[in-house]
Amino acid sequence: MEEVLRALSEAYGPSGNESEVRELIRGMVESYADELRVDALGNLMAIRHGPGKRVMVAAHMDEIGVIVSHIDDKGFLRFSNIGGLQNLTLLGNRVRFADGTVGVIGCEKLEDRSKVPELSKLFIDVGASSKGEVRVRVGDMGVIDRSFAMAGSRAVGKAMDDRAGCAALVLALRKMGECRHDVYFTFTTQEEIGLRGATASGFGVDPEVALAVDVTATGDTPKAPTMAVSLGGGAAIKVRDGGMLAHPGVKELLVRRAEERGLPYQLEVLEGGTTDARAIQTSRAGVPTGVISIPCRYIHTASEMIDLGDLESAVNLLLAFLEGEIEL
Amino acid sequence: MTLGEFLKAVTEAPGPSGYEEGVRQIVRSAFSPYCDELRVDPMGNVWAVRRATRRADRAPRIMLAAHMDEIGFVVKKIDAHVLRVSQVGGFDVRILPGQPVLVHGKVPLPGVIGSRPPHVLPPDEREKVIPLDELFVDVGLTAEELPRYVRVGDLITLRRGYVELRNGLVMSKALDDRAGVAALYSCLQELQALQHSWDVFAVATTQEEVGLRGAMTSAYGVAPDAAIAVDVTFGRTPDCPDIGTFELDKGPCIARGPNIHPVMFSLLEETAKRLEIPYQTEPIPGRSGTDAWAIQVAREGVPTGLVGLPLRYMHTPGEVVCLRDIERAGRLLAHLVATLDERVLSRFRAPLGSSS
């Protein structure tokens, strides 16, 4: 589990540039799936055929990052955000580009150091002394460069959002015995910039029921916003988030499966943010859709933290859902 | 069931977005005598289908949509003996303290939205709106008992009965948009006496208040040739500007603007004039914020209209509409349906701007 998570977390894959992650996952699931497909938006589907319902399970491969918007004569890069970058956490961080170039995020002299600087005040220094020495080009994308670490039973790394979900899908697919349903494990693209991979793959798969597996926030850190989800409390079963209301039948079925198997779980009401489930739910004439969430602290920072026990309970809950009858 | 009885039943039923089952049951049983088929789709939308009385191989389809969900709350945390809540849709936070509510826990639990009494508030806070974060719901249970009855994610609705005011006005929670659903009911009844060559899909939609989500999927499912949404619009009150607000009891509003197909606007206006139904014209410069907005761009696009019911005190527990406006909207819709024929279909299909 730890090794799968480490490899996924450290891989490079800003929205729209998921190929490295896709190839990594392809290698992890190839021998466990009946069929692999990649669609026009780069979504990877690992399919296990079975006689029951057509079920889509989605986790997104992409991560937030930066995109180079301008390179000045001295070789400093200006950049814009890919997804919900948090300016508060950027200064001093390193970014890495697809070609391996590493840069440091620096900041102009600030008039008021008590305020979080706008993105336009920040730049990336790739160690060049002139424009000619810079290998990256305008339009190239970078991700936060940060290695994976364990902190007790907790895993810390960049892009746990949503490589933790990808890991859950990989591990569930590997553990799954005989397949009762026609299951499309879908590793989606471009979630962070508007659920775009899930929108297209939701239409393409045309599922009868769907689940997303993604991270959710917690309310268990000092002076956190009010939220009844804690790290280590088990997989969270989503009731609602900022973008969707989970299908009540899917939500209750997840609760029932968790209770039958004695899996720890928590019910989740998240006030901001959303997941691929929002897009899949309204695909075509509508799809009953739910979400298994992995509680995660410090989302959209370089050090997103999850609990391995929660990841394990998410894997087991997903398996329990897929191995049983799905009557809503 | 009379229109008033129907409206009382549907407004008093709980049906927050995503959890419309209480309302759905009433709608299904009330609509079923007036339609040929009744379906519930994967998003919980109710489709009441009346087949064309003048038979065709594949009659064109008109979709009439009104949303049955209401705004509400969801429990986000059980905090000792009270519940911390989050909005489903958007109430006016100013009017929340002191509201009676119903918590849909293991059993229905009457409760109240609590806050500190004014006596203990510092003077500067008395003038301020209390943010939802500082409000809570109290159902009278102790901290030990509460988790046995309530889970995170349980829904909460306002607890307010239907009240008849003077002059045909009625007051209730959730008239947004159960008044629209009542207009569909009235339309289906009216259609009993009319001949029509299009199939009618009267759809009570879900999840409008959280992003027009039921309309989006049901419009895909129905695949209509034209559609009309019925929703509430701003009723005029003394302190409201005249622009963008509409008198109660002066008839339904026929919307005009980019969300509205010009042919649909004309058909509605012509029908209202022919039947001498009073109406008001509501210009909407951009997104209408109604199901019409989602339906218009379903599949390859749907010529869409919007009929508005003037309503006072929107998104409060004391919403007010005029019953006569609902009847008029129902009659307008039914007679519009009866005028739909092949010629109208070609008018919808002509490029925009080539005719009116």
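Residues numbered from 1 in each chain as written. Chains lettered and ligands numbered in written order. Predicted model: local features only at pLDDT ≥ 70, side-chain atom pairs only at ≥ 80, totals over all residues. Heavy atoms only, no water.

### Focus on the overall build of chain A
- A tally of regular secondary structure across chain A gives 7 helices and 17 strands.
- Over its C-alpha trace chain A gives a radius of gyration of 20 Å, about what one expects of a compact globule, namely 20 Å for 328 residues.
- In terms of principal-axis extent, the alpha carbons of chain A reach across some 60 × 45 × 40 Å.
- When burial is assessed residue by residue, chain A has 57% of its 328 residues classed as buried.
- Summed over its atoms, the accessible surface of chain A is roughly 12500 Å², and 48% of this surface lies on carbon and sulfur atoms.
- Treating the 36 positive side-chain charges of chain A as one cloud and the 47 negative ones as another, the clouds have centres 3 Å apart. (Helix = DSSP H or I, 4+ residues; strand = E, 2+ residues; numbered from the N terminus. Rg over C-alpha atoms; globule rule 2.2 N^0.38 Å. Buried < 20%, exposed > 50% of the residue type's maximum accessible area, 1.4 Å probe, protein only. Areas by Shrake-Rupley, 256 points an atom, 1.4 Å probe, with all protein chains shown as cover. Lys, Arg positive; Asp, Glu negative; His and termini not counted. Charge placed at Lys NZ, Arg CZ, Asp CG, Glu CD.)

### A closer look at the domain arrangement of chain A
Residue and element names in this part refer to chain A.
- On domain assignment, one finds that chain A holds domain 1 (2-63 + 158-323) and domain 2 (65-144).
- Measuring from the centre of the C-alpha atoms in domain 1 to the corresponding centre in domain 2 gives 30 Å.
- Between domain 1 and domain 2, the residue contacts involve 14 residues of the former and 14 residues of the latter.
- When domain 1 packs against domain 2, the two sides together hide about 1100 Å² of surface, and 60% of this comes from carbon and sulfur.
- Contact with domain 2 buries surface across domain 1, with Tyr-12, His-300 and Ala-302 losing the most and accounting together for 44% of the total.
- Taken together, the links from domain 1 to domain 2 amount to 0 salt bridges.
- For the interface between domain 1 and domain 2, the tally reads 4 residue pairs in polar contact (both at pLDDT 80 or more).
- Its residues assigned to classes, the side of domain 1 that touches domain 2 comprises 5 nonpolar, 5 polar and 4 charged. (Domains from an automatic or database assignment. Contact = heavy atoms within 4.5 Å. Buried area = accessible area lost by both parts, 1.4 Å probe. Salt bridge = Lys/Arg side-chain N within 4 Å of Asp/Glu carboxyl O. Polar contact = N/O pair within 3.5 Å; in protein donor to acceptor, adjacent residues only side chain to side chain. Nonpolar A, V, L, I, M, F, W, Y, C, P; charged D, E, K, R; others polar.)

### Thoughts on the domain arrangement of chain B
Residues and elements named next belong to chain B.
- Per the domain assignment, the segments making up chain B are domain 1 (3-70 + 173-349) and domain 2 (72-158).
- The gap between the C-alpha centroids of domain 1 and domain 2 is 33 Å.
- Counting from both sides, the interface comprises 12 residues of domain 1 and, opposite them, 12 residues of domain 2.
- Carbon and sulfur atoms supply 73% of the area buried between domain 1 and domain 2, which totals about 930 Å² over both sides.
- Of all residues in domain 1, Pro-16, His-315 and Pro-317 bury the most surface against domain 2, accounting for 45% of the area lost on that side.
- Inspection of the domain 1/domain 2 interface yields 0 salt bridges.
- If you look at where domain 1 meets domain 2, you find 1 residue pair in polar contact (both at pLDDT 80 or more).
- Taken together, the residues that form the side of domain 1 that touches domain 2 break down as 5 nonpolar, 4 polar and 3 charged.

### Considerations on the interface of chain B and chain A
- Residue-level contacts link 25 residues of chain B with 26 residues of chain A.
- Across the interface of chain B and chain A, roughly 2200 Å² is buried in total on both sides, 57% from carbon and sulfur atoms.
- Across the contact surface, chain B and chain A share 2 salt bridges.
- As a salt-bridge pair, Arg-151 of chain B and Glu-252 of chain A come within 2.7 Å of each other at their nearest N and O atoms.
- When residues of the side of chain B that touches chain A are traced back to their parent elements, those giving at least two are strand E4 (72-79), strand E5 (82-88) and helix H6 (213-222) of chain B.

### Side note on the packing of helix H7 (residues 262-274) of chain B against helix H10 (residues 342-349) of chain B
- Contact geometry of H7 of chain B with H10 of chain B gives a least axis separation of 10 Å together with a crossing angle of 140°. Mapping the contact onto sequence places Val-263, Met-264, Ser-266, Leu-267 and Glu-270 of chain B in H7 of chain B and Val-344, Arg-347 and Phe-348 of chain B in H10 of chain B. (Axes fitted to C-alpha atoms, helices over the stretch in contact; angles between N-to-C directions.)

### Describing the side chain of Thr-217 of chain B
- Here Thr-217 of chain B shows up in helix H6.
- Taking relative accessible area as the criterion, Thr-217 of chain B reaches 0% and is therefore assigned buried.
- Reaching out from Thr-217 of chain B, the side chain makes a polar contact with the backbone oxygen of Gly-214 of chain B at a distance of 3.2 Å.
- Among all residues touching Thr-217 of chain B, those that are not within four sequence positions of it are Gln-281, Thr-282, Arg-284, Ala-285 and Gly-286 of chain A together with Met-43 and Asn-45 of chain B.

### Quick notes on H7 of chain B
Residue and element names in this part refer to chain B.
- Taking 1.5 Å per residue, 13 residues should reach 18 Å; H7 reaches 18 Å between its end C-alpha atoms and fits that length.
- Three or more residues of H7 are buried, namely Val-263, Met-264, Phe-265, Ser-266, Leu-267, Leu-268, Glu-269, Thr-271 and Ala-272.
- Positive phi appears at Glu-276, one or two residues downstream of H7, with a value of about 55°. (Expected span 1.5 Å × (residues − 1).)

### Here we look at unusual backbone geometry
- Of note, the amide linkage connecting Asp-161 of chain A to Asp-162 of chain A takes the cis form, showing an omega dihedral of 10°.
- In this structure, Asp-177 of chain B follows Asp-176 of chain B across a cis peptide bond, with omega equal to 5°.
- On the secondary structure map, Asp-177 of chain B appears in helix H5 (residues 175-191).
- One non-glycine residue, Arg-284 of chain A, lies in the positive phi region at around 45°.
- Inspection of the secondary structure assignment puts Arg-284 of chain A in the loop between helix H6 (276-281) and strand E16 (289-295).
- Among the residues examined, Arg-284 of chain A registers a relative accessible area of 25% and is labelled partly exposed.
- Look at Arg-299 of chain B: it is not a glycine, yet its phi comes out positive at around 45°.
- Within the secondary structure, Arg-299 of chain B is located in the loop between helix H8 (291-296) and strand E16 (304-311).

### Let's talk about the side chain of Thr-188 of chain A
Residues and elements named next belong to chain A.
- If you trace the backbone, Thr-188 turns up in strand E12 (residues 182-188).
- Side-chain polar atoms of Thr-188 contact the side chain of Asp-276, separated by 2.6 Å.
- Beyond its immediate stretch of four places on either side in the chain, Thr-188 contacts Asn-43, Ala-58, Ala-59, His-60, Met-61, Asp-62, Gly-197, Ala-198, Ser-201 and Asp-276.

### A word on the sheet that holds strand E10 (residues 149-151) of chain A
Residue and element names in this part refer to chain A.
- In spatial order, the strands read E10-E11-E17; together these 3 strands make up an open sheet with antiparallel pairing. The open sheet has two free edges, formed respectively by E10 and strand E17 (304-307), since each of these has just one partner strand. Mean inter-strand twist for the sheet, computed between neighbouring axes without regard to direction, equals 30°.
- Where E10 meets strand E11 (residues 154-157), 3 bridges bridge the pair, whose relative direction is antiparallel. The residue of E11 that forms the bridge with Met-150 is Ala-155.
- Packing against the sheet, helix H7 (residues 308-323) makes contact with E10, E11 and E17, and its axis sits at approximately 65° to E17. (Pairing = 2+ DSSP bridges.)

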